[in-house]
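Chain by chain, the residues run as shown.
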Amino acid sequence: MMLKNPIKSSFCAMLFVIPTFAFADEAAEQMVQDVLPMMHYTCASIAEEADGDEAFVVEVVGKMTALSLYNRQINIEDHAASDEEKAQLREAFIAALSEGCAADKNALLGGVVDNAVKSTLGL
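Let us look at the structure shown here. In this convention, every chain numbers its residues from 1, walking through the sequence in written order. Only residues with pLDDT of at least 70 are given local features in this predicted model, and only at 80 or more are side-chain atom pairs given and counted; all residues enter the totals for whole chains, interfaces and linings. Excluded from the side-chain calculation are hydrogens and water; included are all heavy atoms of the structure.

### Section: the nonpolar core
- As used here, the term nonpolar core means buried Ala, Val, Leu, Ile, Met, Phe, Trp, Tyr and Cys residues forming a set that is joined through side-chain atoms within 4.5 Å. Burial here depends on accessible area, computed with a 1.4 Å probe over protein chains only, as a share of the maximum for the residue type. Under 20% is buried, over 50% is exposed, and the range in between is partly exposed. Of all hydrophobic cores here, the largest spans 29 residues; its most connected members are V60, L97 and L109.
- Labels follow the DSSP assignment, with helices taken as runs of H or I lasting at least four residues and strands as runs of E lasting at least two, numbered in each case from the N terminus. Contributing elements (two or more residues each) for this core: α2 (25-35), α3 (43-50), α4 (54-71), α5 (83-103) and α6 (109-120).
- It is α4 that contributes the most residues to this core, seven residues altogether.
- Dropping the residues within four chain positions of it, L109 is found in contact with Y41, T42, C43, I46, V60, V61, M64, L97 and C101. It only takes one pair of heavy atoms within 4.5 Å for two residues to be counted as in contact.

### Re unusual backbone geometry
- Unusually for a residue other than glycine, D51 sits at a positive phi of about 45°.
- On the secondary structure map, D51 appears in the loop between α3 and α4.
- Judged by relative accessible area, which is 68%, D51 ranks as exposed.
- Unusually for a residue other than glycine, Q73 sits at a positive phi of about 55°.
- Looking at the secondary structure, you find Q73 in the loop between α4 and α5.

### Points about α6
- With 12 residues, α6 extends 16 Å between its outermost C-alpha atoms, agreeing within 8% with the 16 Å of an ideal straight helix rising 1.5 Å per residue.
- Taken residue by residue, α6 has L109, G110, V112, V113, A116, V117 and T120 as its buried positions. Each buried residue of α6 sits inside an arc of 165° when the element is viewed along its axis, so together they form one side.
- Looking at the buried side of α6, the elements it contacts are α3, α4 and α5.
- One or two steps after α6, the chain reaches G122, where phi turns positive at roughly 65°. Between the first and last residue of a helix there are one fewer steps than residues, each counted as 1.5 Å, and that sum is the expected span. Taken from the helix axis, the directions to the C-beta atoms give the arc we talk about.

### A closer look at the pattern of salt bridges
- Each salt bridge in this description consists of a side-chain nitrogen of Lys or Arg and a carboxyl oxygen of Asp or Glu lying within 4 Å of one another. If you walk through the whole model with that rule in mind, you get two salt bridges.
- A salt bridge links K63 to E59; the shortest N-O distance between them is 3.2 Å. Linking K63 with E59, this pair stays in helix α4, spanning four residues, or about one helical turn.

### Quick word on the packing of α5 against α6
- For every element, the axis is a line fit to its C-alpha atoms; helices are fit only across the contacting stretch, and the angle between N-to-C directions ranges from 0 to 180 degrees. One can describe the packing of α5 onto α6 by two numbers: an axis separation of 8 Å at closest approach and a directional angle of 140°. In terms of their interaxial angle, α5 and α6 are classed as oblique. α5 and α6 meet at a crossing whose hand is right-handed. Each of L89, A92, F93, A96, L97, G100 and C101 in α5 lies in contact with α6, whose residues at this interface are L109, V112, V113, A116, V117, S119 and T120. Small angles under 35 degrees read as roughly parallel and large ones over 145 as roughly antiparallel, with 65 to 115 read as roughly perpendicular and the rest as oblique. Each crossing gets its hand from how the near helix is turned against the far one by less than a right angle, where anticlockwise is left-handed and clockwise is right-handed.

As structure tokens, then:
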């Protein structure tokens with residue numbers, strides 16, 4: 001089961017709007033601890049566990065995305081300053097995330113998210 005369109009659209013409404021901050025080591029460690037229990041999800045299992053709860057998917061994918069951006073030391077403002085540019089990044093991210101899950105519904109969601117970040121930002 002792939003992510004449903006309402007889930008993707010809800011998630012992407014907040015994606016890339018979150019700026020990447022310079023985290024202190026303690027804050028970075030907390031980010032890792034927050035996302036670690038979610039790293040087992042696949043594209044299929046997140047949709048199954050969410051059972052229509054878009055907020056759950058938004059939370060999980062949002063945390064995975066924030067960690068990917070932090071690990072790569074990416075500040076979205078460096079890639080998109082205007083609302084229009086951010087909207088274009090959101091659309092590209094949605095497409096990359098959808099393609100990744102469509103290609104392998106059993107792929108680990110964290111890897112699909114990270115690949116979507118890379119391809120969206122041309123890394």
